[in-house]
Structure formats: C-alpha cells, structure tokens
Amino acid sequence: MTRKFFHACILFFAAQWAMAQDLNFEFWFNDAPLVLGQTYYVPQFADSVRIEKLAFYISDVVLKDLEKQNATKITDVHLIDLSQQHTLVVERPTLNHEAQLLTFNLGIDSTRQVSGVFSGPLDPTKGMYWTWQSGYINTKLQGTSASSSARNHKFEFHLGGYRMPYNTLQHVALLINKKQPKIMVDLGAFFDTLSINNTNHVMRPGKEALALSQLFALTIKPYDE
Amino acid sequence: MTNKSIFWGLLCAMMCSIGLSWIGLRHYPNYFPKPYYEGRMTDMSVPEIDLGRHLFYDPRLSRDNSISCASCHSPFNAFAHSDHDLSHGIDDQIGTRNAPGLFNLGWQTEFMWDGAINHLDMQALAPMTHPKEMDESLTNVLQKLSTDAFYRKKFENVYGPDGLTGPNFLRALTAFELSLISTDAYYDKVTQNRAQFTKQQVRGQALFTKHCQSCHTAPLFSNYEFVRHTLKIDSTLDDLGRFMVTLRSQDSARFKVPSLRNLSFTAPYMHDGRFHSLREVLNHYAQTDTARPDVDPRLKKAVVADAVDKTDLIAFLLTLNDTTFVFNPDHRLPYHY
C-alpha cells in the first residue's frame, strides 16, 4: 500500500516536472489574464477592446545554452491559437544542456512560403493561408473596439507577407527561466500603441502589415514573477 | 505454357506498363528546358493524376455545386475560357481577368497574370474561395467529398488511409495540371524533323525570331517574365498587375508573358481579353507608342507593320497549335459523371 502510494507520488512529481519543462504561452492584457470575448479598457486612448481571435505561427524554435553554445531545435512550425488550449504548450524534448536562450521566428519564413502545400500546422484548412495571393497569415488578430469606425466596431488584422521590403517575419530571442519556461504575450502593449480609431483593417501584405508585425513581436516577453 | 514463359510474359507486361506511364508522365522533347516541377512530375502516379482530373471536373468544388474548374478552363480551348474576355463565375458574376490556357504549367514558377500564386499546389484555393468564382471553402469541399464513397476510396488508394485531406486534395489537382503537357504542335514535328514548314511559315518563323522571341521564347513560347506592355490600362478595371503582388512601383501594370502555344483555341487575348483575333494583336504591336519610357524596351522591336509580313507571322503562330493536346481524351471529363 505505502509502496503504491510512493510510486504514485513519484509519477505525479515526474509528470509535474516534465510539464514544467514544456514551453507555455500565457496571454495577458496588461495586468489581467487575456480571455477571448472579454472587454478590456485601454487607458492610453480611453478605449475598450475585445479580442475574438488570436492565432499566430512560431517557427524554428530553438533553445540554447549560452555557455556551452549548445542548441536544440524544439519544433519546426507550431500554430498557437488562443481558442485551443492545447496549442499554447510547445512540447520540448529532454535536453542534455542548460537552456537559457529561446529563439524563434514569429511567422513563416520565405522558403517554406514558396514550397507548396504542407500537412500539419501549415495545412491551408487551418484558416491561416491567404487564397487570392499566396502566403501564410503569420498573425491573425480580430475583435471589436469602441473606437473602430468599421462596421460593427470591428477590427481585423491578418498580418503577413514574405516579400521584401515588406517581409513580416520577426525574430524573437528571450532569456528564459530554466525551471519555468513560460512566455508571456501581453496584448495590452499592442493596444496601448496602436490607435484602432486610425487603423482597424490590415488584411494584406505591405507597410502597415510590417509595422503591426513589429509591434506584435514586442508583446512577447519572458515571464518574470 | 511453362511457368517460365508466364514469368517472362508478366515481366514484359510489367516493364511495358511502367515504361508507358513513365513516358506519359514526364516525357518532353529534348529541346525543352528542365521543368521547375520535375520532381513532382516524376513522382506523380497515374491514379493520382486521375483523381486530380475528377476533382478538376467536379462542380462540388463550388458553393452551389454549379461551377467546376473546367467551367472556365475547357479542354477544347487548351483549358482557357472560350468566348469570354473576363471570366464568368458563380451566379453569373464577371471577374476581372481573362482565364489563361493551362498547359506546360510545370515550367512556370509563378501563376496568374500577376504571379500572385507562388506554387501550383496553392493555386486552386484562389478560384475556390473567390466570391465571384466558386465561392466555397476547402473545408466545406472536403466535407462534401467525404460523403462520396468514390472519393473516399480514390483518396485512400493514392494517399493511404485518412487520405482525404486538404493538402492531398491540392496535390491531386496539381498532379492533373502538371500532366497537361503540350509538346506536339506542328512546330514540334518540324523541330523533330517529322515535318517541314512551308515557305510562308519559314518567313514567319524568321520574323518571329527577330521580333517576338525575346519574350515569347521557344520552345515554351514564353520566358514567363513580368513585362510592362503597351496596353492602355482599362479604367473600368484599374488592374495594376504585378504591382499588387510586389508593391514595387516599377512593377506597375506588368503582366506575365503568356505562352503563344494553342492560340487558335485560347482567344480572346491579353490579361483582360481585349483582342479577339491575332491580327488585332499584331496591329496593336505595330501601332502603339513603344517609345514611352515606362514600356519594356524590347517592344520597340516587336513592330511588324507590313501586311504580308503580318500574314506570314500569323502562319507561323498557327503552327504552335497542338491538336494532339487539345483533343487528348485523357484530359477530358472522366466518365464517372
């Protein structure tokens, strides 16, 4: 009996430990956890924002040990979709080195963009592919905002484009906590900078898509408690 | 009959069928360049092409099951849209561009008049989801097809269990489209010493080489570059072509050089179908102002003004018609319907 209990305990902690090793994405709106469909206040513009959809690609995710210069590829392409809880965790293999630096691309690089159809996260039925013009939508962010002059106060950002000079791929590098590899995505920072009143629809590649992609990349931060 | 002769008989039959399918899929004359999609053209199988062919002719790819790819790309028009200057889609809506012929796609790297599509796999998504063309989503189409035992079996045969997926759907269409190879025009027969040009055709070919070859490069009769033509922008369409893809001002009003194979089947001509005969096209080349700084300088040399020369040039262009291709029964509506 005690032995069984003892084993169960080991299993429990092992599982906990393993889970803690995976990369977890957490979503925030300033100080509050981000929940789809909930309204948040934007003090900067005395505005309110409700997010209905947030999905984005990360690719070529690598963990590095800065001292030994060891690097391990965690995954090629991963689609994070806030409406699907299981996509917020990126599994990571056991490493034989200390990992301090996490690097990845926000979006899909130009080589993958021009290489035809793929299965898995890049399957075009995932709704992250433009159809009238080839290219993945790197980031989809949709919702409503009191200040949006568009129909039903909507805002819609489909950010992408892989051609120069408007290649929207963003490189992200974060120093992470070894035991708790959490990544924070804080949309508060995005809406504090962008005035929805002026910009509420960006649906194609170009200057605006690039600027918003750069802005979106700044919402991604290491987790500090 | 001995076991041995049965064995050799079967082996021969197998070799022949493998050989035939190999020739059928990737054979092209030795004066053709290496196709960009050579890998895919080598890998694709007869059943995969056949599956793609069924999809190409299937109106369930559209919202109300009324329009198939073939509605705008008819085999008898070298897969262009006959009689329509601008394409004609669902609910009788008119698009903004002329449907081009579909052949020798494996030699192209970018698709559509402006190259908006960067891979053949991804092309079908454009007409399927366009509100004026088929107005349907890939997910819905897969749903519709999955209720049909015929497709479930075909997808499984080609791609294995659970084969009916979006990526495989697109790959099958690509396989069929890559099989549309036009290499048997009279021009090809002459090049392969199987026939001879008339004196008029010889004169026409010389004119062509001098005036047109720089863009409509043999043997594909296109270099597939994006070029600023002398065509005036149609103010009802305001189509800026390549610019809309690259967003670079120098690409304004550039369109892809079309192949000149099968012209007798693909009229009307140009990205907006503004010309209905080859003579109109040649008159345009001869009459417009090629000195404009925004126009491709090679067009200065594309002027053939003499009436006899025009007739000779057209005589040569007509040798690029490939009736073997246009009347190939393997490309037509499969009998399943």
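From a predicted model like this one, the values you see are computed outputs, not experimental measurements.

**Considerations on the side chain of Asp184 of chain B**
No. 1: When you line up the elements, Asp184 of chain B lands in the loop between α9 (166-178) and α10 (186-191).
No. 2: When near neighbours in sequence (up to four residues on either side) are disregarded, Asp184 of chain B contacts Lys189, Arg194, Arg261, Asp322 and Thr324 of chain B.

**As for the domain arrangement of chain B**
By a frequent convention, interface size equals the accessible area lost on bringing the separate parts together.
Residue and element names in this part refer to chain B.
No. 1: Here chain B is described as being made up of domain 1 (18-182) and domain 2 (186-321).
No. 2: Put simply, the middle of domain 1 and the middle of domain 2, counted by C-alpha atoms, are 26 Å apart.
No. 3: Every contact between the two is made by 30 residues of domain 1 and, on the other side, 29 residues of domain 2.
No. 4: Of all residues in domain 1, the largest losses of buried area upon contact with domain 2 belong to Tyr31, Trp113 and Asp114, amounting jointly to 29% of the total for that side.
No. 5: The salt bridge involving Arg97 is made with Asp239; its shortest N-O contact spans 2.7 Å.
No. 6: Across the domain 1-domain 2 interface, the total number found is 16 residue pairs in polar contact (both at pLDDT 80 or more).

**A closer look at the interface of chain B and chain A**
No. 1: Every contact between the two is made by 23 residues of chain B and, on the other side, 22 residues of chain A.
No. 2: Along the contact surface separating chain B from chain A lie one salt bridge.
No. 3: Viewed at the interface, chain A and chain B are joined by seven residue pairs in polar contact (both at pLDDT 80 or more).
No. 4: Every element with two or more residues in the side of chain B that touches chain A is listed here: α5 (120-123), α6 (125-129), α7 (138-146), α9 and α12 (243-246) of chain B.

**Describing the pattern of salt bridges**
All names here are of chain B.
No. 1: Under the definition given, this model contains 31 salt bridges over all chains.
No. 2: The salt bridge partner of Glu225 is Arg298, with a shortest N-O separation of 2.9 Å. Here Glu225 is found in the loop between α11 (199-211) and β1 (226-228), whereas its partner Arg298 is found in the loop between α14 (278-287) and α15 (307-317), with 73 residues between them in sequence.
No. 3: Classification of Glu225 by relative accessible area gives partly exposed; the value is 33%.
No. 4: Relative accessible area serves as the criterion here: at 28%, Arg298 is assigned to the partly exposed category.

**Comments concerning the packing of aromatic side chains**
No. 1: Counted by the stated rule, this structure contains 37 aromatic pairs over all chains.
No. 2: On the numbers, 6.3 Å between centres and 55 degrees between planes, the contact of Tyr37 of chain B with Phe111 of chain B is tilted. Here Phe111 of chain B lies in the loop between α4 (69-72) and α5 and Tyr37 of chain B lies in the loop between α1 (3-26) and α2 (38-43), a separation of 74 residues in the sequence. The residues Tyr37 of chain B and Phe111 of chain B share a single accessibility class, namely buried.
No. 3: Taken together, a centroid distance of 5.0 Å and an interplanar angle of 85 degrees make the contact between Tyr187 of chain B and Phe221 of chain B edge-to-face. Of this pair, Tyr187 of chain B sits in helix α10 while Phe221 of chain B sits in the loop between α11 and β1, placing them 34 residues apart in sequence.
No. 4: Residue classification places Tyr187 of chain B among the buried positions, given a relative accessible area of 8%.
No. 5: Residue class for Phe221 of chain B comes out buried when judged on its relative accessible area of 0%.
No. 6: The structure contains a cluster of three or more aromatic residues connected by ring pairs, namely Phe25, Phe27, Phe29, Tyr40, Phe56, Phe104, Phe155, Phe157, Phe190, Phe191 and Phe216 of chain A.
No. 7: For Arg242 of chain B, the ring lying beneath its charged end belongs to Phe226 of chain B, and the centroid distance is 4.0 Å.

Reading guide: rules and limits
Residues numbered from 1 in each chain as written. Chains lettered and ligands numbered in written order. Predicted model: local features only at pLDDT ≥ 70, side-chain atom pairs only at ≥ 80, totals over all residues. Heavy atoms only, no water. Helix = DSSP H or I, 4+ residues; strand = E, 2+ residues; numbered from the N terminus. Contact = heavy atoms within 4.5 Å. Domains from an automatic or database assignment. Buried area = accessible area lost by both parts, 1.4 Å probe. Salt bridge = Lys/Arg side-chain N within 4 Å of Asp/Glu carboxyl O. Polar contact = N/O pair within 3.5 Å; in protein donor to acceptor, adjacent residues only side chain to side chain. Buried < 20%, exposed > 50% of the residue type's maximum accessible area, 1.4 Å probe, protein only. Phe/Tyr/Trp six-rings, centres within 6.5 Å; stacked < 30°, edge-to-face > 60°. Lys NZ or Arg CZ within 6 Å of the ring centre and 35° of its normal.

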